[in-house]
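Remarks on the overall topology
Below are the chains, spelled out letter by letter.
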Amino acid sequence: MIRAVYGGGVETMHRQSKILELLTMSERVGVAEFARELGVSEVTVRRDLTELETLGALKRVHGGAMSAAKRGEEVPFNVRKVESAAEKSAMARLAGSMVRDGELIAIDGGTTGAAIAAEVAHRRITAMPLSVQGIEALSGSLSVSLLLPGGAVRRGEGSIIGPLAEQALAALRFDTYFLTCCGLNPKTGLTAHDLQDAAVKRAALASSARIIVVADGTKFARTAMALICMPEAVDLLITDISAPPDAVSTLRSAGVRVEFA
């Protein structure tokens with residue numbers, strides 16, 4: 001799906017993901033700095049900035065770009081597909097390898113959750129995806145027994161929220177829950193931007209025997225409004241090598257197993 005939006009393919013996705021990553025660290029970045037960091041021409045950078053501005057991912061300014069996201073505001077789903085795209089794909093593959101045939105699993109929403117759903121579509125499992133993107137990824141599978149939660153669809157994000165979804169989750173017992181988050185801090189916990197989304201995540205947590213968090217390294221630099229859980233509730237974290245070593249060490253000290261994709 002991302003390849004269809006970005007005609008340059010994997011190389012373009014990786015480059016534009018890096019641009020967004022640089023903008024999370026600095027309010028404003030110049031074209032020359034982007035070109036130096038990415039090892040490409042300024043012409044290529046300007047083309048990437050134009051495409052990302054069209055998606056609403058950034059704002060072009062004289063000589064460079066600024067992040068379009070306000071502090072504490074969730075970046076749109078279609079923009080987040082670009083962020084750490086290669087890392088999310090690798091994490092989804094590792095997450096899929098953790099599933100045993102015959103399991104009942106819950107799969108969170110978000111771009112990482114959608115990647116996990118696509119990864120397990122060939123497995124012999126029973127799955128409840130908590131987003132319309134996850135449902136789409138699994139609906140054509142001949143091997144997955146698909147369970148649908150009730151509830152409302154969060155506009156622009158696709159995650160399924162509300163008391164009907166919470167009730168559906170409370171009535172089941174999952175072997176594994178693949179949890180995604182907006183922010184991950186070893187001391188203050190896992191967080192989400194939306195209160196209703198966080199409530200659904202907590203309901204899935206309460207009904208699951210094994211909790212696997214899948215979060216790329218960018219999540220460690222972010223904290224959102226609504227608390228999902230503290231790290232002690234997590235059995236396994238799947239992340240990438242950009243995760244801060246001190247944060248990983250703290251999580252391991254709290255009893256969380258950490259694996260890198």
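Right above here is the structure, for reference.
Note that the structure is a prediction, hence the values are computed from the model and not measured. (Residues numbered from 1 in each chain as written. Predicted model: local features only at pLDDT ≥ 70, side-chain atom pairs only at ≥ 80, totals over all residues. Heavy atoms only, no water.)

**Details of the overall build of the protein**
Note the following rule: Helix and strand definitions here come from DSSP, where helices need a minimum of 4 consecutive H or I residues and strands a minimum of 2 consecutive E residues; each element is numbered from the N-terminal end. Each residue is placed in one exposure class: buried if its accessible area under a 1.4 Å probe, protein chains only, is under 20% of its type's maximum, exposed if it is over 50%, and partly exposed if it falls in between. Residue contacts are defined here by distance: any two heavy atoms, one from each residue, within 4.5 Å place the two residues in contact. Only the protein chains shown count as cover for residues, with accessible areas throughout obtained via the Shrake-Rupley method and a probe of 1.4 Å.
A count of helical and extended segments in the protein gives 11 helices and 15 strands. In the protein, which comprises 261 residues, the share counted as buried stands at 53%. A fraction of 59% describes how many contacts in the protein between residues 6 or more apart in sequence connect residues 24 or more apart. In the structure as shown, the protein presents an accessible area of about 12000 Å², 53% of it carried by carbon and sulfur atoms.

**Observations regarding the environment of Ala221**
Of note, Ala221 is situated in the loop between strand S12 (208-214) and strand S13 (226-229). When the C-alpha atoms of Ala221 and Gly183 are compared, they prove to be 7.2 Å apart, with 38 residues separating the residues in sequence.

**A closer look at the side chain of Thr191**
Along the polypeptide, Thr191 turns up in strand S11 (residues 189-192). Among the residues examined, Thr191 registers a relative accessible area of 5% and is labelled buried. Residues in contact with Thr191, not counting those within four places in the same chain, are Cys181, Cys182, Gly183, Thr223, Ala224, Ala226, Leu227 and Ile228.

**Some remarks on the pattern of salt bridges**
What counts here: Put simply, a salt bridge is a Lys or Arg side-chain nitrogen that is within 4 Å of an Asp or Glu carboxyl oxygen.
A complete count under the given rule lists 10 salt bridges for this structure. The salt bridge involving Asp48 is made with Arg15; its shortest N-O contact spans 2.4 Å. One end of the pair, Asp48, is in helix H4 (residues 42-55); the other, Arg15, is in helix H2 (residues 10-25), with 33 residues separating them in the sequence. Taking the relative accessible area as the measure of exposure, Asp48 reaches 1% and is therefore buried. Notably, a salt bridge pairs Asp108 with Lys201, separated by 2.9 Å at the nearest N-O pair. One end of the pair, Asp108, is in the loop between strand S4 (104-107) and helix H7 (110-119); the other, Lys201, is in helix H10 (residues 195-206), with 93 residues separating them in the sequence. Of the two residues examined, Asp108 and Lys201, each falls in the buried class. Shared partners join several salt bridges into a network, and the residues in it are Arg100, Glu103 and Arg210.

**Quick notes on empty space enclosed by the protein**
What counts here: Any residue with an atom within 4 Å of a point lines the site, the site being either a cavity, points on a 1 Å grid over the protein atoms alone where a 1.4 Å probe fits but cannot get out, or a pocket, an open set with protein on both sides within 12 Å along at least 5 of 7 lines. Grid points are joined across faces, edges and corners, and a volume is the space filled by probe spheres set on the points. Nonpolar residues are Ala, Val, Leu, Ile, Met, Phe, Trp, Tyr, Cys and Pro. Charged residues are Asp, Glu, Lys and Arg, and all others, Gly as well, are polar.
On inspection of all chains with the given rule, the structure shows one cavity of 30 Å³ or more. Within this model, the largest cavity holds a volume of roughly 40 Å³. Around the largest cavity sit Leu184, Leu190, Val213, Pro231, Val234, Leu237, Leu251 and Val256, which together line it. Split into classes, the residues belonging to the lining of the largest cavity amount to eight nonpolar, no polar and no charged.

**As for the sheet that holds strand S3 (residues 64-67)**
The condition is simple: At least two DSSP bridges between two strands are needed for those strands to be called paired. Geometry is summarised by axes, namely lines fitted to C-alpha atoms with helices restricted to the contacting stretch, and by angles between N-to-C directions that run from 0 to 180 degrees.
Within the open sheet, the three strands sit side by side as S1-S3-S2. Their pairing is antiparallel. Two strands bound the open sheet, and with one partner strand each, they are strand S1 (28-30) and strand S2 (58-61). Along the sheet, successive strands turn relative to each other by an average axial angle of 25°, direction set aside. By the bridge criterion, four bridges tie S2 to S3 in an arrangement that is antiparallel. Residue Val61 lies in a different strand from S3, and its bridge partner there is Gly64.

**Looking at the state of the cysteines**
Which entries qualify depends on this criterion: In this description, the term disulfide denotes a pair of cysteine sulfurs within 2.5 Å.
Across all of its chains, the model carries zero disulfides by this definition. There is no disulfide at Cys229, and the cysteine sulfur nearest it, in Cys181, is 8.3 Å away.

**As for the sheet that holds strand S10 (residues 183-185)**
Reading across the sheet, the three strands line up as S10-S11-S13 and stay open at both edges, with antiparallel pairing between neighbours. One side of each edge strand has no neighbouring strand; the edge strands of this open sheet are S10 and S13. Pairwise comparison of adjacent strand axes, ignoring direction, gives a mean angle of 35° for this sheet. Sheet analysis places S10 next to S11, joined by three bridges and oriented antiparallel. Opposite Asn185, over in S11, you have Gly189 as the bridge partner. Strand contacts of H10: S11 and S13, with the helix running at about 10° to S13, the strand carrying the most contacts.

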